[in-house]
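Per-entry structural report
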Amino acid sequence: MCLLFVVYILFSSVSVLANPVSTEWQGLDDKYHLLIEQQQFHSAYQVALTLNEMAPADSEVLLYLVFAGKKSGSKLPSWVMSKPWPSASNQDRFNRLIAEEILQDGK
């Protein structure tokens, strides 16, 4: 049930960036969602790493990393959960809580 909720949030949330959304960003974001739908979690994780390089302070991208990393069995970089996440908005704080829940699931 929790996993369904997380998937819903991942697919329904909209990333907000300080700069206008670039064509490259949008293409990668679309690719991430398609790979998740196709259950190609390792490839989705790689796309999430690329998105994180483009927007390291985006809490949605950090959530992408956690979700795809957990589903693919990839080892998350230690900095993903150790450094503070953005907390400017309710969505930022909610993304962090979802990530923590994902990582607790199955322990």
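Described below are features of the structure shown in this document. (Residues numbered from 1 in each chain as written. Predicted model: local features only at pLDDT ≥ 70, side-chain atom pairs only at ≥ 80, totals over all residues. Heavy atoms only, no water.)

With respect to the overall build of the protein chain
On a plain count of helices and strands, the protein chain comes out with 6 helices and 0 strands. In the protein chain, which comprises 107 residues, the share counted as buried stands at 40%. Of the contacts formed within the protein chain by residues at least 6 apart in sequence, a portion of 59% connects residues at least 24 apart. About 6,300 Å² of surface is accessible on the protein chain, with carbon and sulfur atoms providing 57% of the total. (Helix = DSSP H or I, 4+ residues; strand = E, 2+ residues; numbered from the N terminus. Buried < 20%, exposed > 50% of the residue type's maximum accessible area, 1.4 Å probe, protein only. Contact = heavy atoms within 4.5 Å. Areas by Shrake-Rupley, 256 points an atom, 1.4 Å probe, with all protein chains shown as cover.)

Some details on the side chain of arginine 96
Checked against the element boundaries, arginine 96 lands in helix H6 (residues 90-104). Those residues within four positions of arginine 96 in sequence are excluded, and the remaining contacts are Val80, Met81, Lys83 and Trp85.

A short note on the nonpolar core
One finds Tyr32, Ile36, Leu51, Val66 and Trp85 to be the most contacted residues of the largest nonpolar core, which totals 27 residues. When contributions to this core are tallied by element, the ones reaching two or more residues are helix H2 (23-37), helix H3 (41-54), helix H4 (59-72), helix H5 (79-82) and H6. Per-element tally for this core: the top contributor is H4, with 8 residues. (Core = buried A, V, L, I, M, F, W, Y, C linked by side-chain atoms within 4.5 Å.)

Details of the packing of H4 against H6
The description of two helices packed together rests on the angle between their axes and the distance between the axes. One way to put it is that H4 packs onto H6 with a least axis distance of 9 Å and a crossing angle of 10°. Here H4 lies roughly parallel to H6, going by the angle between them. Between H4, through Ser59, Glu60, Leu63, Val66, Phe67 and Lys70, and H6, the contact on the second element is made entirely by Gln91, Asp92, Asn95, Ile98, Ala99, Ile102 and Leu103. The class makeup of the residues in the contact of H4 with H6 is 7 nonpolar, 3 polar and 3 charged. (Axes fitted to C-alpha atoms, helices over the stretch in contact; angles between N-to-C directions. Parallel < 35°, antiparallel > 145°, perpendicular 65-115°, else oblique. Nonpolar A, V, L, I, M, F, W, Y, C, P; charged D, E, K, R; others polar.)

Comments concerning unusual backbone geometry
The backbone of glutamine 39 shows a phi angle near 60°, a positive value even though the residue is not glycine. Note on placement: glutamine 39 falls in the loop between H2 and H3. Among the residues examined, glutamine 39 registers a relative accessible area of 59% and is labelled exposed.

Concerning the packing of aromatic side chains
Applying the stated criterion to the full structure yields 2 aromatic pairs. A centroid spacing of 4.1 Å and a plane angle of 10° characterise the contact between tyrosine 32 and tyrosine 64, whose relative ring orientation is stacked. With tyrosine 32 in helix H2 and tyrosine 64 in helix H4, the pair connects residues that are 32 residues apart, well separated along the chain. Judged by its relative accessible area of 1%, tyrosine 64 falls in the buried class. Geometrically, the ring pair formed by phenylalanine 41 and phenylalanine 67 is edge-to-face, given 6.5 Å between the ring centres and 85° between the ring planes. One end of the pair, phenylalanine 41, is in helix H3; the other, phenylalanine 67, is in helix H4, and 26 residues separate them in sequence. (Phe/Tyr/Trp six-rings, centres within 6.5 Å; stacked < 30°, edge-to-face > 60°.)

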